[in-house]
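Spelled out from the first residue to the last, the chains are:
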Amino acid sequence: MAIKLIAIDMDGTLLNPQHEITPGVKSALDRARQQGVSIVLTTGRPFVGIQRYLMELDMQTPGQYAISNNGALVHQAEDGECVAEVTLTFDDYLYIEKLARELGVHFQAFDKSHLYTPNKDISEFTIHEASLTGIPVRYRAVEEMDRAMRFPKLMMIDRPALLDAAIARLPAHAQQTYTILKSAPYYLEILDRRVNKGQGVRMLAEKLGLKQEEVMAIGDQENDLAMIEYAGTGVAMGNAIDSVKKIAQFITKTNMEDGVAHAIEELVL
């Protein structure tokens, strides 16, 4: 069955190590779109961190979509409006923030347009996230937060050794209640139990009337596993972690070698 939708992770996949879309990748995406294939950027980033790439690819047009926050939000690419969402409550915020303090790691929370941290010693990785995506950072003590807020995702963040030690101590309640996954060695993402990139891609495919067999997904990290498992055609980058390569049907080149373009040329064009 012909592929009609390609869900593509961004960091480590679509983007090279300099966070750029190379001319070769851009050309392959353009040719796929000319054949009527939907290209959907599917990322852990907030929507603000996707926008400049949508603009660069001329995808901020009606009928184009993007998936942010590891599948929590499905957006219209033209204006960012959500067409599907699954978010966390303020009670979830309180529980995970307290747990992060007990485990000795930094914490941050996202609404649809801002990143909030209750840590006066703002983490270098919070600053990195803001620099990478362009999302505004707000320091807010827990008692200053609006209890009506909803959160696409919460995060524990810290140096890899500290974060891994915290992960090893996560209580069973947290593991059973939430989707918890690493998107980078220093980022642990906490989402509603129903949320992952696979579910985000599924919601969009069903909205567009597409079957699983018509979907291809390309990724490199733990947070890409669910969409690669869901897709009829799952593709691991050459630089992907072993668990991603193990479940993929096709392993392409690395993000330094236009791996996305290679996969599209081999499997779609």
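What comes next concerns the included structure. (Residues numbered from 1 in each chain as written. Predicted model: local features only at pLDDT ≥ 70, side-chain atom pairs only at ≥ 80, totals over all residues. Heavy atoms only, no water.)

## Thoughts on the environment of Arg-138
Stage number 1. Structurally, Arg-138 is set in strand 8 (residues 137–139).
Stage number 2. Judged by its relative accessible area of 31%, Arg-138 is partly exposed.
Stage number 3. A sequence separation of 22 residues divides Arg-138 from Tyr-116, and the C-alpha atoms of the two residues are 4.8 Å apart. (Helix = DSSP H or I, 4+ residues; strand = E, 2+ residues; numbered from the N terminus. Buried < 20%, exposed > 50% of the residue type's maximum accessible area, 1.4 Å probe, protein only.)

## Notes on the sheet that holds strand 2 (residues 38–42)
Stage number 1. Read across the sheet, 8 strands follow the order 5-4-3-2-1-12-13-14 without closing on themselves; strand pairing throughout is mixed. If you trace the sheet from one side to the other, it starts and ends with strand 5 (82–85) and strand 14 (250–251), each paired once.
Stage number 2. Bridge count between strand 2 and strand 3 (residues 65–68): 2 bridges; the pairing is parallel. Note on strand 3: the bridge partner recorded for Thr-42 is Ile-67.
Stage number 3. Where helix 7 (residues 197–207) meets the sheet, it contacts strand 1 (5–8), strand 2, strand 3, strand 4 (73–76), strand 5 and strand 12 (215–219), and its direction lies at approximately 155° from that of strand 3.
Stage number 4. The strands touched by helix 10 (residues 259–267) are strand 1, strand 12, strand 13 (233–236) and strand 14; relative to strand 12, the strand with the most contacts, the crossing angle is about 155°. (Pairing = 2+ DSSP bridges. Contact = heavy atoms within 4.5 Å. Axes fitted to C-alpha atoms, helices over the stretch in contact; angles between N-to-C directions.)

## Topic: the pattern of salt bridges
Stage number 1. Applying the stated criterion across every chain yields a total of 12 salt bridges.
Stage number 2. For Arg-31, the salt bridge goes to Glu-265, with nearest N and O atoms at 3.0 Å. You can see Arg-31 sitting in helix 1 (residues 23–34) and its partner Glu-265 sitting in helix 10, a full 234 residues away along the chain.
Stage number 3. By relative accessible area, which is 38% here, Glu-265 ends up partly exposed.
Stage number 4. The structure contains a network of salt bridges with shared partners spanning Asp-9, Lys-197 and Asp-224. (Salt bridge = Lys/Arg side-chain N within 4 Å of Asp/Glu carboxyl O.)

## Some details on the nonpolar core
Stage number 1. Among the nonpolar cores identified, the biggest contains 52 residues, and Ile-6, Leu-14, Leu-29, Ile-39, Leu-41, Ile-218 and Ile-264 are the most heavily contacted of them.
Stage number 2. If we ignore the near neighbours within four places in the chain, the residues touching Leu-41 are Ile-8, Met-10, Leu-14, Ile-50, Tyr-53, Leu-54, Leu-57, Tyr-65, Ala-66 and Ile-67.
Stage number 3. The next biggest cluster of nonpolar side chains, apart from the first, holds 23 residues, and it includes Tyr-116, Met-145, Phe-151 and Met-156. (Core = buried A, V, L, I, M, F, W, Y, C linked by side-chain atoms within 4.5 Å.)

## Considerations on the side chain of Thr-254
Stage number 1. Along the polypeptide, Thr-254 turns up in the loop between strand 14 and helix 10.
Stage number 2. The exposure class of Thr-254 is buried, given its relative accessible area of 17%.
Stage number 3. The contacts of Thr-254, once residues within four sequence positions are left out, are Met-237, Gly-238, Asn-239 and Gly-259.

## Details of helix 1
Residues separated by three or four positions in an α-helix point in the same direction, a consequence of the helix having 3.6 residues per turn.
Stage number 1. Spanning 12 residues, helix 1 covers 16 Å between terminal C-alpha atoms, matching the ideal 16 Å at 1.5 Å per step.
Stage number 2. For helix 1, the set of buried residues is Val-25, Ala-28, Leu-29 and Ala-32. On an axial view of helix 1, the arc spanned by its buried residues comes to 100°, and they lie on one face. For helix 1, the exposed residues set more than 90 degrees away from the buried face come down to Pro-23 and Gln-34.
Stage number 3. Tucked into the core, helix 1 has its buried residues touching strand 1, strand 2 and helix 10. (Expected span 1.5 Å × (residues − 1). Arc of directions from axis to C-beta.)

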